[in-house]
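Each chain, written out:
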Amino acid sequence: MSAAKKLGHLVPPLFALGAAEDFQRSGRTISLAVNPRDDNIAIYSTAAADPQALRSQGASYPKEQEIYLASREQAPFSERRVFITDTSVIFAAVQTLLRVTRANKVELLQSDENLRAVGKLANDYINFCKECCLYASQNISRAEPLQFDAEHYRCLWTCFSLFSVLYLPEPGYEDAPVGDELMEWLNTHFIQPSTQEGDELSSQERPWEDPAFWPYLTRTSLRGLSKASAFFLNVLDKHPSTYLPGLAQQLSPLLTNHPRLHQFSAERDFAVASRRWKDKVKTLRIELDRVPVSERDDGFENWWDRFSDIVGILEGRGDVIKRVCAELGADWKEVCSVWGIFVDTRLRRQDLPEIVAQVLDEMPPDPTDREDMVHSALFLGRPTQALSEAAQLDVWLAAHLADLMEPIELIDSEPDDSDLSLRQHYILDYAQYLHSDPGLWRITVDYMYSCGEVGRGMADQVLMRVPLRLEIPKDADAAGEEAVRIRAGHLAGVLKDVNETCFEYQREEIRRMVCRIAAQTFIKEKAYGLAISYCTSAEDWAGLGRVVDLVLEEYISQGPDHFARLVANVAPSLHSLRADAGAKIPAPGVFLRRLMFAVRFAEFHQRRASGDGRGAALDVVTMFREEIVPKTWWAVLLCDALELLRDGGTMFFTSNEACLLIQKLEELHIAVGQGAGEDFLPVLCRATRRGEKHALQRLEVVRLSLAKYYARCGALGVGGRPSGWSY
């Protein structure tokens, strides 16, 4: 990737514009720390000298300081994001193929079907590089400038296609001659000569008088462009030389009928045809040598030397090919590609590095050109070096080449001292680059989770820090609609995506952690029903207990009516807990009972406020009988039930129910008398905002009302004959 310097700004700013001197006088300076795992940077202000010395000088600054997190990588722009997203689909397909292969216990290299699949996926990468190159080369208006130009994507295209040519041949053709495929690769990516040159020459009546004529004809002969060569050889019929037109007519069919491997069904037939063709080339050489020296120059060019060079190429003379390529400005790639066409027509992939090494001794690659260095490493059969060079060109290229190299055993799959294989090093480097854009978190973790324990640990950290965007923005747009759907009980938006990712990669602990984080957001909004649901999903029973405490705190701080309205959305969560108790790990009883109490306590106040006295009375009695009332709330519940006892017209409690309330009240008084007031009275004291003395006075009023109520029950026979109570 490019190492160009990039300017960044701290947001919000650490100090205002023009306030740098004030910042320095405060005794602070800017410092940073680099994460050794992912190269992210934490920027923060810190003391510029010893804190004691600064205090003596009167320097002061806020105790809480902002910490700014930044990435060394520049986040992808729009065209780069499309490229990343599209190629991530191919990466996922590769991982699926490898996973299925391992599950079936099949060696990838032993399966032609799987090798073809890998080759097809490599071609998919190549096509996406090509498409992005073509898009970037279009002269159109764009919403934002290109992050990488067409030349960059062209480099990716040439490198990946060369890798495919050299290392992913069609199954069964691993030992076939490679010359034709290399020449096709060269002609596809490094077009020479240009179409414009041919058009200019063809428009001339005597093109051989143009200095560009013979270089053009020589280049088309080198590249196997037989149609262009034949056209200009036919033009030489008008040449004034006595010998050249006839020689040109002999050369033309040799170029157009040059045997190529893909034209034959068997390599043996190709070898026979090549020998016959070579014999015809020898005949042409004999005819050429018979031309008198005095007839070899036409006044514009020594046509004989140029023609001899073309015949020398067809003869497969390596020295001629090297010299001609140098004169034409061609590099080592052209020499190596031509070598397999004319010098050694049976040149195989495993023999190529030796030839390339010899050529590079005379025509070395350009060390400042990363594309050229990747090409040379691939030609030399040095995949590890190719990855190193590719990483400097674009970390995307190194990652995806390494991902294909490991399963076909071009690089070692064993981990090093850092517990990472070579492939995993490059994949994680690329994933860290993706992490510079938080919006690409889903793709980032896909790459990380393919890299063993180290990668899984890194992906877990990313998932736990994905912004869930649960807050409803003031100007609710699409993001706000997702937040509204979540509050309606649906799993939607980023939260749904994170949840699905955790299930896909079996990261249950991370899913629970994310649910805990979501629950905290809902707690801040007092959406306690959702908070309880997510605490339950996370099996965070301590968190569930805290939510219940906050729910009950609403009663203390806001009163019974507000409390009842707020808890209305908690009841479905309670029913869900009860229904799932058999299928899931049930919440510990203490937390479930406290939640049940909060819901029933709210229902009691709702019925009391709506005039359903008997229903409210049943709620009070049921809570005590089921023993879900915490002891700290006994006094509150008994005091709140006082209104039902004082109703002059209706008897809401039976005598036995009244006995139960009297029993609980007596237990409370006995406990308080024995010094256990802190276990029973604090909530009532906080709710009334008075002390313990006042709380006891209120309970005395409840005692008196219960006594009167019980007496009325006996007199009126409500609920049957009073049966008394026992302790």
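The rules behind each value
- Residues numbered from 1 in each chain as written.
- Predicted model: local features only at pLDDT ≥ 70, side-chain atom pairs only at ≥ 80, totals over all residues.
- Heavy atoms only, no water.
- Helix = DSSP H or I, 4+ residues; strand = E, 2+ residues; numbered from the N terminus.
- Areas by Shrake-Rupley, 256 points an atom, 1.4 Å probe, with all protein chains shown as cover.
- Phe/Tyr/Trp six-rings, centres within 6.5 Å; stacked < 30°, edge-to-face > 60°.
- Buried < 20%, exposed > 50% of the residue type's maximum accessible area, 1.4 Å probe, protein only.
- Salt bridge = Lys/Arg side-chain N within 4 Å of Asp/Glu carboxyl O.
- Pairing = 2+ DSSP bridges.
- Axes fitted to C-alpha atoms, helices over the stretch in contact; angles between N-to-C directions.
- 1 Å grid on protein atoms, 1.4 Å probe; cavity = no way out; pocket = protein on both sides within 12 Å on 5 of 7 lines; lining within 4 Å.
- Points joined across faces, edges and corners; volume = space filled by probe spheres on them.
- Nonpolar A, V, L, I, M, F, W, Y, C, P; charged D, E, K, R; others polar.
- Patch = residues over 30% accessible without salt bridge, like charges linked within 9 Å, V, L, I, M, F, W, Y side chains within 5 Å.
- Lys, Arg positive; Asp, Glu negative; His and termini not counted.
- Charge placed at Lys NZ, Arg CZ, Asp CG, Glu CD.
- Contact = heavy atoms within 4.5 Å.
- Left-handed = near helix turned anticlockwise from the far one by under 90°.
- Expected span 1.5 Å × (residues − 1).
- Core = buried A, V, L, I, M, F, W, Y, C linked by side-chain atoms within 4.5 Å.
- Polar contact = N/O pair within 3.5 Å; in protein donor to acceptor, adjacent residues only side chain to side chain.
- Parallel < 35°, antiparallel > 145°, perpendicular 65-115°, else oblique.
- pLDDT = per-residue confidence, 0-100.

**Description of the overall build of the chain**
When you go through the chain residue by residue, the secondary structure sums to 36 helices and 3 strands. Surface accessibility of the chain: about 36,300 Å² in total, with carbon and sulfur atoms responsible for 51%.

**Describing the packing of aromatic side chains**
Two aromatic rings, taken as a pair, are described by how far apart their centres are and by the angle between their planes. In this structure the tally under the stated criterion is 32 aromatic pairs. Their ring planes at 80 degrees and their centres at 6.4 Å tell us that Phe148 and Tyr153 sit as a pair that is edge-to-face. Like Phe148, the residue Tyr153 is buried in the burial classification. An angle of 80 degrees between the planes, with centres 5.9 Å apart, marks the rings of Phe624 and Trp634 as edge-to-face. Residue Phe624 is located in helix α30 (residues 613-625), and its partner Trp634 is located in helix α31 (residues 634-640); the two are separated by 10 residues in the primary sequence. Summarising the burial analysis for this pair, Phe624 and Trp634 share the class buried. Here the aromatic residues Phe83, Tyr125, Phe148, Tyr153, Phe160, Phe163, Tyr167 and Trp396 are joined through ring pairs into a cluster of three or more.

**Some points on the pattern of salt bridges**
A side chain with one charge can pair with a side chain of the opposite charge if their charged atoms come near. Using the criterion set out here, one finds 46 salt bridges in the structure. Glu453 serves as the salt-bridge partner of Arg456, at 2.6 Å between the closest nitrogen and oxygen. With Arg456 and Glu453 both in helix α21 (residues 452-464) and 3 residues apart, this pair spans about one turn of that helix. Under the relative-accessibility criterion, Arg456 is labelled partly exposed at 25%. Since its relative accessible area comes to 59%, Glu453 is described here as exposed. Note that Glu539 is salt-bridged to Arg512, the shortest N-O span being 3.5 Å. Of this pair, Glu539 sits in the loop between α25 (528-537) and α26 (541-558) while Arg512 is found in helix α24 (residues 508-524), placing the two residues 27 residues apart along the sequence. Using a relative accessible area of 24% as the deciding quantity, one classes Glu539 as partly exposed. Judged by relative accessible area, Arg512 falls into the buried class, the value being 17%. The network of salt bridges with common partners includes Glu508, Glu509, Arg511, Arg512 and Glu539.

**Focus: unusual backbone geometry**
In this structure, the amide linkage connecting Gln192 to the following residue, Pro193, adopts the cis form with an omega of -10 degrees. Phi angles above zero are rare outside glycine, and Lys526 is one such case at about 60 degrees. In this fold, Lys526 is placed in the loop between α24 and α25. A relative accessible area of 36% places Lys526 in the partly exposed class. For Glu539, which is not glycine, the phi dihedral falls at a positive 55 degrees.

**Observations concerning the sheet that holds strand β3 (residues 67-70)**
On the basis of which strands lie adjacent, the open sheet formed by 3 strands has the order β1-β2-β3 and antiparallel pairing. Bordering the open sheet on either side are β1 (28-34) and β3, each of which pairs with just one other strand. Within the sheet, the average angular offset between the axes of one strand and its neighbour, ignoring direction, is 30 degrees.

**Here's the deal with empty space enclosed by the protein**
Taken as a whole and judged by the stated rule, the model has 3 cavities of 30 Å³ or more. Quantified by volume, the largest cavity comes out at close to 70 Å³. Together, Pro177, Val178, Gly179, Asp180, His258, Pro259, Arg260, Leu261, Phe270, Gly340, Ile341 and Thr345 line the largest cavity. Across the lining of the largest cavity, the residue classes tally to 6 nonpolar, 4 polar and 2 charged. Space inside the second largest cavity adds up to approximately 50 Å³. As for the second largest cavity, its lining consists of His258, Pro259, Ser274, Trp277, Lys278, Leu314, Ile341, Phe342 and Thr345. If you list the elements that add at least two residues to the lining of the second largest cavity, you get α11 (267-289) and α14 (332-343).

**Some thoughts on a positive patch on the surface**
A contiguous patch of positive charge on the surface is contributed by Arg268, Arg275, Arg276 and Lys280. For Arg276, the location among the structural elements is in helix α11.

**Observations concerning the environment of Glu406**
Inspection of the secondary structure assignment puts Glu406 in the loop between α18 (395-405) and α19 (422-434). For Glu406, a relative accessible area of 21% corresponds to the partly exposed category. C-alpha separation for the pair Glu406 and Ser421, spaced 15 residues apart in sequence, amounts to 9.3 Å. Setting aside residues no more than four positions away along its own chain, Glu406 makes contact with Ile411, Asp412, Ser413, Ser421 and Arg423.

**Quick word on the packing of α18 against α19**
One way to put it is that α18 packs onto α19 with a least axis distance of 8 Å and a crossing angle of 145 degrees. Of the two elements, α18 crosses α19, and the hand of that crossing is left-handed. Packed against α18, whose contacting residues are Val395, Trp396, Ala398, Ala399, His400, Ala402 and Asp403, the element α19 presents Arg423, Tyr426, Ile427, Asp429, Tyr430 and Tyr433 at the interface. Classifying every residue of the contact of α18 with α19 by side-chain character gives 9 nonpolar, 1 polar and 3 charged.

**Structural notes on helix α5 (residues 150-167)**
Its 18 residues place the ends of α5 26 Å apart at the C-alpha level, agreeing with the 26 Å of an ideal helix rising 1.5 Å per residue. Most of α5 is tucked away: 17 of the 18 residues are buried.

**Description of the nonpolar core**
Burial of nonpolar side chains together is a common tendency in soluble globular proteins. Within the largest apolar cluster, 214 residues are counted, with the highest numbers of intra-cluster contacts made by Phe160, Phe163, Phe307, Leu314, Phe601, Trp633 and Phe653. Contacts of Phe163, omitting those with residues within four sequence positions, involve Leu168, Leu378, Leu401, Leu404, Met405, Ile408 and Leu410. Core analysis: the next-biggest nonpolar cluster, separate from the first, contains 5 residues, Leu14, Phe23, Ile43 and Tyr68 among them.

**Comments concerning the environment of Asn656**
One can find Asn656 in helix α33 (residues 655-673). Sequence-wise, Asn656 and Cys713 are 57 residues apart; in three dimensions their C-alpha atoms are separated by 9.5 Å.

**Brief notes about the side chain of Arg80**
Considering the arrangement of structural elements, one finds Arg80 in helix α3 (residues 78-103). At 2.8 Å, the side chain of Arg80 forms a polar contact with the side chain of Asp394.

**Observations concerning the packing of α19 against α21**
At a minimum axis distance of 11 Å, the contact between α19 and α21 shows a crossing angle of 10 degrees. Comparing the axis directions of α19 and α21 gives the class roughly parallel. In this structure, α19 uses Gln424, Leu428 and Gln432 to contact α21, whose residues at the interface are Gly452, Val454, Gly455 and Met458. Class assignment for the residues of the contact of α19 with α21 results in 3 nonpolar, 4 polar and no charged.

**Here we look at the confidence of the model for the chain**
Across the chain, pLDDT averages 87, with 88% of residues at or above 70. Per-residue pLDDT stays below 50 along residues 719-727; that stretch engages in 16 contacts with residues further than four places along the chain or on separate chains.

**What about the side chain of Thr158?**
Tracing the backbone through its elements, the reader meets Thr158 in helix α5. From its side chain, Thr158 meets the backbone oxygen of Cys155 in a polar contact 3.0 Å long. Dropping the residues within four chain positions of it, Thr158 is found in contact with Trp185, His189, Phe190, Glu371 and His375.

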